[in-house]
Amino acid sequence: MTRSIRPDAVLVQAVIAGALSFAHLHDLAAAAGQDGWKAWAYPISVDLLLVAAWRRLRILRAQGESARAAWTWFTVALAASLGANIATAGMLDLNDVPDWLRILVAGWPALAFLGGTLLVHTPTGPDTAAEAVESEPLPVVEQVTQPEPRPAEPAPTPERDVVETSEPVPALPASPPPADVPPALVDHARKLADSHRAATGTPIDAATLRDRLGLPGPMADQLAAHLT
């Protein structure tokens, strides 16, 4: 089964543009004193730096990192290629090349080598962050020794006087409950009293209400009077 070969217009255009740019760079290098194989090496060096910078630029943009260095070397290579195309279009006398252009052409190999080295050996991705973390010194943490807790001393229990009588002691009449306690607080205290009675089997006292509700002593006494 034979496959038909269709020429791609974009590929043909790229080949033509690359050949013309290659020829212009060769002619400019030869006019600047770079004869023989050296004149043919200049177009390859410029095009390779242009391709390497563009590839590095795409990688950095895909990783979300800064592509400033790649843009710089891409601009340098593009300026060298575009400048050669303009110079060989009649804007410059190739039979009498100025000295500054000879200096630029002679210094291009060192500049291209520096750009290619920086583009290839600049780390990207998670390795860069890992190296940055490893380079930072770890903070020195001083171990603080805490004193051992001392055992709590038992609280002294007050002595109670036991009075033995043959007659029962009459109970004191309960004081009438004051009316300045909010009803909502009384309801909440009654719920606490019920849960306390269910848990301990004894009615709740004013001290427990004071601790549970965070109330002052007089208000806790008034609230306890409401619950009796």
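Below or above, wherever it landed, is the structure these notes cover.

The rules behind these values
- Residues numbered from 1 in each chain as written.
- Predicted model: local features only at pLDDT ≥ 70, side-chain atom pairs only at ≥ 80, totals over all residues.
- Heavy atoms only, no water.
- Phe/Tyr/Trp six-rings, centres within 6.5 Å; stacked < 30°, edge-to-face > 60°.
- Helix = DSSP H or I, 4+ residues; strand = E, 2+ residues; numbered from the N terminus.
- Buried < 20%, exposed > 50% of the residue type's maximum accessible area, 1.4 Å probe, protein only.
- Axes fitted to C-alpha atoms, helices over the stretch in contact; angles between N-to-C directions.
- Parallel < 35°, antiparallel > 145°, perpendicular 65-115°, else oblique.
- Left-handed = near helix turned anticlockwise from the far one by under 90°.
- Contact = heavy atoms within 4.5 Å.
- Nonpolar A, V, L, I, M, F, W, Y, C, P; charged D, E, K, R; others polar.
- Core = buried A, V, L, I, M, F, W, Y, C linked by side-chain atoms within 4.5 Å.

## Focus: the packing of aromatic side chains
Remark: the centre distance and the inter-plane angle together describe each pair of aromatic rings, the angle taken between the planes. This model, assessed by the stated rule, comprises three aromatic pairs. Between W54 and F74, the aromatic rings sit 5.7 Å apart at their centres with planes inclined by 45 degrees, giving tilted as the arrangement. With W54 in helix 2 (residues 37-62) and F74 in helix 3 (residues 68-91), this pair connects stretches of sequence that are 20 residues apart. Residue class for F74 comes out buried when judged on its relative accessible area of 16%. Taken together, the aromatic side chains of W54, W71 and F74 make up a single cluster linked through ring pairs.

## Topic: the packing of helix 7 (residues 206-213) against helix 8 (residues 217-227)
Between helix 7 and helix 8, the least distance of the axes is 8 Å, while the angle of their chain directions is 120 degrees. In terms of orientation, helix 7 and helix 8 fall into the oblique class. Two packed elements cross with a definite hand, and for helix 7 against helix 8 that hand is right-handed. Here helix 7 contributes A206, L209, R210 and L213 to the contact with helix 8, which in turn contributes G217, A220, D221, L223, A224 and L227. Tallied by class, the residues present in the contact of helix 7 with helix 8 amount to seven nonpolar, one polar and two charged.

## Notes on helix 3
Every buried residue of helix 3 is accounted for by A70, W73, F74, A77, S81, A84 and A87. Where the residues of helix 3 are buried, they touch helix 1 (9-31), helix 2 and helix 4 (99-121).

## Focus on the nonpolar core
Among the nonpolar cores identified, the biggest contains 26 residues, and L49, V105, W108 and L119 are the most heavily contacted of them. Put simply, the parts of the chain that give this core at least two residues each are helix 1, helix 2, helix 3 and helix 4. No other element matches helix 2, which puts eight residues into this core. Residue contacts for V105: discarding those within four places in its chain leaves A29, A32, Q34 and Y42. Ranked by size, the runner-up nonpolar core spans 10 residues in total, among them I204, A206, L209 and L215.

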